[in-house]
Amino acid sequence: MNTAFDAHCWAEIDLDALAHNFRLVQKRAAPAAVCAVVKADAYGHGDRMAARTLAEAGAAWFAVSSLAEARRLRRGGIGQPVLILGMTRPECAGTLAAEGITQAVYSLEYARALSQAAEAAGTAVECHLKIDTGMGRIGFGACRDFEGAASGLLECRRLKGLCVTGAFQHFSVADSRSEEDERYTGEQYALFCRMVKRLEAAGPLKTVHCSNSAGLTVHPEWSLDMVRAGVILYGQDPSGQVPFPGLRPVMTLKTVVSQVKDLAPGDCVGYGRQYTADRSLRAATVCCGYADGYPRCLSNLGTASIHGKPAPVIGQVSMDQIVLDASAVPEVSAGDEAVLLGPAPADGFAQAAGKAGTISYELLCAVARRVPRVYLRGGQAVEVLDYLE
């Protein structure tokens, strides 16, 4: 096993926590199957290692965003069904069929094109029909024209070259507990069930699914045949309003101190002189920046930790370096490990996202490919994924 890497800036991925989170999800969803969403390189965690761990834990399906992501899973040894949630060019129908990949079909125009390409290739593509119940992105629009959408969906089931085995939708505000948003989520669910009933009058569907992480958290009774678990697998709540009890964060972003120096009152730090010391302090420069995925907007806002003690970010976050106020860490020295995003007193991903005006999903996905992923089991490194190598 390769466990060697340059301790510069790295992300530790706790595979035990990932498996633990899956078991929580599986218990909440039971008896429904769990589809592990591993798009965007498993939300920045590394798709192959994450998928292998989740497959060992019992994931029945995997979901990705593109054909390239699906094929990468296949090359990584993942044999479970894989659903592509987004668009795949119709001319790739032969590849979809050959790789045993299920494709989302979201419009009659797309269905006809995919059908034609599959027939030309002498094959058939397995499909799940995407119903838009109010998300407003892709899908057969059931909100404004239920009968028109139903007609299109039923035609898809008759097209040669397509093997329709499932149907799904996506909640847009299930992560909100406001009265209006809860009503909207309920309306989405009711509309989806109404459309599924119409479709199944023409024949049963094998796999019907509607719940994302937030939907499962709030309404486990809506799990149907399968749930699509995303961010909760990686130990992050769908939102501050919708916590999922018992989750363990999977990723910790770490770096190393390159230099320690004393600052006097009046000394400036970083581009634009956005920080001026108002007292004597110990400053520790660390080997991480916005090119590694630590947001520049956390300049003078973020909090890291060294030796388990808080070390606030001072000055602008640079591309490759950040300066921390390490005054609370008198023992700090060059070569020390620093936690930028992870356990307290450092900011967690959700806490940092709140300061940055975004969501934890974005910060997880933003961890750059130049940052090695160090996989842990039992607290020990068992594998290192270094994209640059």
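These figures come from a predicted structure and were not determined experimentally.

Our focus in this paragraph is the overall build of the chain. Looking only at helices and strands, one finds 11 helices and 20 strands in the chain. Since a compact globule built from 389 residues should have a radius of gyration of about 21 Å, the 24 Å found for the chain is in line with a globular shape. For the chain, the C-alpha atoms occupy an extent of roughly 75 × 50 × 40 Å along the three principal directions. Counting over 389 residues, the chain shows a buried share of 54%. Total accessible area on the chain stands at roughly 16400 Å², and carbon and sulfur atoms take up 50% of it. Charge-centre separation for the chain: the mean point of 38 positive side chains lies 4 Å from the mean point of 41 negative side chains.

Two numbers describe a pair of aromatic rings. These are the distance of the centres and the angle of the planes. Using the criterion set out here, one finds 6 aromatic pairs in the structure. Relative to Tyr110, the ring of Tyr106 has its centre 4.5 Å away and its plane inclined at 15°; by these criteria the two rings are stacked. Since its relative accessible area comes to 14%, Tyr106 is described here as buried. Under the relative-accessibility criterion, Tyr110 is labelled buried at 6%. Here Tyr189 and Trp222 contribute two aromatic rings whose centre-to-centre distance is 4.1 Å and whose plane-to-plane angle is 5°, an arrangement assigned as stacked. Taken together, the positions of Tyr189 in helix 8 (residues 179-200) and Trp222 in the loop between helix 9 (213-218) and strand 10 (226-229) put the pair 33 residues apart, joining distant regions of the chain. Of the aromatic side chains, those joined through ring pairs into one cluster are Tyr43, Tyr234 and Tyr361. The cationic tip of Arg369 hangs over the ring face of Tyr387; the distance from NZ or CZ to the ring centre is 3.8 Å.

Secondary-structure assignment places Phe5 in the segment before strand 1 (9-14). Put simply, Phe5 and Glu389 are 384 residues apart on the chain and 9.8 Å apart in space, counted from C-alpha to C-alpha. Contact partners of Phe5, with chain neighbours within four places excluded, come to Trp10, Val374 and Val384.

On to the nonpolar core, then. Looking at soluble globular proteins, one finds that nonpolar side chains tend to be buried together. Core analysis: the largest hydrophobic core is formed by 119 residues, its most contacted members being Phe62 and Ile306. Sequence-distant contacts of Phe62, defined by excluding residues within four places in its chain, comprise Cys35, Ala36, Val38, Ala51, Leu54, Ala55, Leu73, Ile78, Gln80, Pro81, Val82 and Leu83. Residues Val269, Tyr275, Ala277 and Leu281 belong to the second largest nonpolar core, which totals 8 residues.

This part is about the pairing of strand 14 (residues 281-286). Most of strand 14 sits out of view: 5 of its 6 residues are buried. Bridge analysis of strand 11 (residues 251-263) against strand 14 gives 6 bridges, and the strand direction is antiparallel. When the sheet's bridge partners are listed, Leu263 is paired in strand 14 with Leu281. The sheet contact formed by strand 14 and strand 17 (residues 322-325) spans 4 bridges and is antiparallel. Paired with Val286 across the bridge in strand 17 is Ile322.

On to unusual backbone geometry. Here Ala30 and Pro31 are connected by a cis peptide whose omega angle stands at 10°. Looking at the element boundaries, Pro31 is found in the loop between helix 1 (15-29) and strand 2 (33-37). Cis rather than trans, the peptide bond between Ala344 and Pro345 has omega equal to 15°. Topologically, Pro345 is positioned in the loop between strand 18 (337-341) and helix 10 (349-356). Of note in this structure, Tyr43 is not a glycine but carries a positive phi near 55°.

Now for the packing of helix 1 against helix 3 (residues 47-57). One way to put it is that helix 1 packs onto helix 3 with a least axis distance of 9 Å and a crossing angle of 45°. Comparing their axes, helix 3 and helix 1 come out oblique. The two elements helix 1 and helix 3 meet at a crossing, and its hand is right-handed. Residues Leu15, Leu18, Ala19, Phe22 and Gln26 of helix 1 touch helix 3, and the partners they reach there are Met49, Ala50, Thr53, Leu54 and Ala57. Its residues placed into classes, the contact of helix 1 with helix 3 shows 8 nonpolar, 2 polar and no charged.

Turning our attention to the pattern of salt bridges. Side-chain pairing between opposite charges can occur once the charged atoms of the two side chains come close. Taken as a whole and assessed by the stated rule, the structure comprises 18 salt bridges. Close ionic contact of Asp278 with Arg279 constitutes a salt bridge, the shortest N to O distance being 3.8 Å. Connected through shared salt-bridge partners, Glu12, Lys254 and Glu337 make up one network.

This paragraph deals with the side chain of Asp336. Within the fold, Asp336 resides in the loop between strand 17 and strand 18. Within the buried core, Asp336 has no salt-bridge partner, and the shortest N-O distance to an opposite charge, that of Arg282, equals 8.4 Å. Within the structure, Asp336 has its side chain in polar contact with the side chain of His307 (distance 3.0 Å).

Moving on: the state of the cysteines. Counted according to the given criterion, the structure contains 0 disulfides. Here Cys127 is not cross-linked by a disulfide; its sulfur's nearest cysteine counterpart is in Cys163, at 7.8 Å. What makes Cys163 partly exposed here is its relative accessible area of 37%.

Two packed helices can be described by the angle between their axes and the distance between those axes. Between helix 7 (residues 146-158) and helix 8, the shortest axis-to-axis distance is 10 Å and the interhelical angle comes to 45°. With respect to their mutual orientation, helix 7 and helix 8 come out oblique. Relative to helix 8, the crossing made by helix 7 is right-handed. Across the interface between the two elements, Phe146, Glu147, Ala149, Ala150, Leu153, Leu154 and Arg157 from helix 7 touch Leu191, Arg194, Met195, Arg198, Leu199 and Glu200 from helix 8.

Calculation criteria
Residues numbered from 1 in each chain as written. Predicted model: local features only at pLDDT ≥ 70, side-chain atom pairs only at ≥ 80, totals over all residues. Heavy atoms only, no water. Helix = DSSP H or I, 4+ residues; strand = E, 2+ residues; numbered from the N terminus. Rg over C-alpha atoms; globule rule 2.2 N^0.38 Å. Buried < 20%, exposed > 50% of the residue type's maximum accessible area, 1.4 Å probe, protein only. Areas by Shrake-Rupley, 256 points an atom, 1.4 Å probe, with all protein chains shown as cover. Lys, Arg positive; Asp, Glu negative; His and termini not counted. Charge placed at Lys NZ, Arg CZ, Asp CG, Glu CD. Phe/Tyr/Trp six-rings, centres within 6.5 Å; stacked < 30°, edge-to-face > 60°. Lys NZ or Arg CZ within 6 Å of the ring centre and 35° of its normal. Contact = heavy atoms within 4.5 Å. Core = buried A, V, L, I, M, F, W, Y, C linked by side-chain atoms within 4.5 Å. Pairing = 2+ DSSP bridges. Axes fitted to C-alpha atoms, helices over the stretch in contact; angles between N-to-C directions. Parallel < 35°, antiparallel > 145°, perpendicular 65-115°, else oblique. Left-handed = near helix turned anticlockwise from the far one by under 90°. Nonpolar A, V, L, I, M, F, W, Y, C, P; charged D, E, K, R; others polar. Salt bridge = Lys/Arg side-chain N within 4 Å of Asp/Glu carboxyl O. Polar contact = N/O pair within 3.5 Å; in protein donor to acceptor, adjacent residues only side chain to side chain. Disulfide = S-S within 2.5 Å.

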